[in-house]
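Structural overview
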Amino acid sequence: MTESQRMPRQEMIDIIARIAGEDGDHPTIISGLSVHRHSVSAKPNCAAYKPSLAIIVQGAKRVVLGEETLVYGASDYLLTSIDLPVLSQISLASPEEPYLSMVFQIDTTRLPALLDAIGPEAAKAPASPRGMTVSKLTPDLEDTALRLLRLLDRPDDIAVLLPLVEQELLYRLLLGPHGARLRQMATTESQPHQIGRAVSWLKEHYSRPLRIDDLASRVSMSVSSLHHHFKAITAMSPLQYQKQLRLQEARRLMLEERLDAGDAGHKVGYESQSQFSREYARHFGEPPRRDVGRVRRSLIGRSSGEVEMLSEG
């Protein structure tokens with residue numbers, strides 16, 4: 001890393017380390033912006049990623065999407081253009097050099113107006129098939145992200161400057177190597193936008209029996225087209241996506257609402273307790289009672305009180 005590259009990165013490290021003084025996920029005074037600190041690597045946790053930009057300034061992380069694994073660290077950014085259930089793991093962290101990152105939620109409603117201003121020229125960039133991609137952090141994008149972090153120390157400037165910085169951040173992403181995916185998600189007649197509608201329906205009705213014919217009809221696609229494009233974007237079939245939603249929600253219910261495995265499985269849509277336990281163990285590596293007990297024990301004495309799931313960054 002050159003001296004010119006090191007200076008903005010070090011400033012980002014300093015700001016995040018100061019705001020995230022303890023391990024955990026920390027919301028900030030800027031809506032949609034959070035910072036994250038972890039001093040040790042850990043086993044994979046389930047997480048729900050929304051459309052967002054995640055930048056690691058120190059350390060590294062591994063994200064499992066379907067059967068694919070994405071690894072990114074300092075000098076990289078993770079762009080997520082659609083809601084995705086994943087397994088995530090901090091893979092490089094230490095007390096001396098903790099994992100530090102920032103996550104900024106993308107307001108997709110701002111994209112159409114920005115696309116009108118950019119014009120068709122940017123549409124020449126090739127689209128990545130996935131709704132989650134890793135790219136190298138460019139100096140322009142890093143500079144914009146740093147100015148976003150600096151606003152945390154200038155709260156009186158947020159109302160005026162945040163919309164401008166956010167617009168520039170979206171502009172840099174739209175012109176980046178995977179900006180075409182964001183453009184397609186914001187274009188109502190595109191197939192990625194239709195898949196986004198399918199994902200929204202699955203998230204709202206994950207506990208219902210899934211009928212692919214009905215889902216395809218809801219988003220105005222053929223069954224074969226729905227399967228093809230859904231897997232291309234999410235790395236999962238609609239049924240696999242629904243299963244991950246169910247299992248993550250069941251785990252949350254057991255951890256946060258203290259439901260037993262039988263009640264949690266039934267509430268998320270499983271009629272068979274044995275099937276729920278089998279699929280839970282396959283996904284999380286342990287049966288429900290053992291997994292939840294381990295997580296609860298790991299949280300004892302931790303001042304943050306965070307639940308081992310549903311975090312980003």
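Scroll up a little and you will see the structure.
Below or above, wherever it landed, is the structure these notes cover. (Residues numbered from 1 in each chain as written. Predicted model: local features only at pLDDT ≥ 70, side-chain atom pairs only at ≥ 80, totals over all residues. Heavy atoms only, no water.)

Sheet analysis places strand β1 (residues 24–27) next to strand β2 (residues 33–38), joined by 4 bridges and oriented antiparallel. Each bridged residue has a counterpart across the sheet, and for Gly24 the counterpart in β2 is Arg37. (Pairing = 2+ DSSP bridges. Helix = DSSP H or I, 4+ residues; strand = E, 2+ residues; numbered from the N terminus.)

Time to look at helix α3 (residues 139–150). Since the α-helix advances by 3.6 residues per turn, residues separated by three or four positions end up pointing in the same direction. Between the first and last C-alpha of α3 there are 16 Å, a value that for 12 residues agrees with the 16 Å anticipated at 1.5 Å per step. Leu141, Glu142, Thr144, Ala145, Leu146, Leu148 and Leu149 are the residues of α3 that are buried. (Expected span 1.5 Å × (residues − 1). Buried < 20%, exposed > 50% of the residue type's maximum accessible area, 1.4 Å probe, protein only.)

Bringing the sheet that holds strand β6 (residues 68–73) into the picture now. Spatial strand order, β3-β8-β5-β6: 4 strands in an open sheet with antiparallel pairing. Each end of this open sheet is capped by a strand with a single partner; those strands are β3 (45–49) and β6. The mean angle between the axes of side-by-side strands here comes to 35°, regardless of whether they run parallel or antiparallel. This element, helix α9 (residues 238–256), spans β3 and β8 (84–92) of the sheet and lies at about 65° to β8. (Axes fitted to C-alpha atoms, helices over the stretch in contact; angles between N-to-C directions. Contact = heavy atoms within 4.5 Å.)

Our next topic: the pattern of salt bridges. Within the structure shown, the criterion is met by 19 salt bridges. The salt bridge involving Arg150 is made with Glu11; its shortest N-O contact spans 2.9 Å. Placement of Arg150 in helix α3 and of Glu11 in helix α1 (residues 3–19) is noted, with a sequence separation of 139 residues between them. For Arg150, a relative accessible area of 26% gives the class partly exposed. (Salt bridge = Lys/Arg side-chain N within 4 Å of Asp/Glu carboxyl O.)

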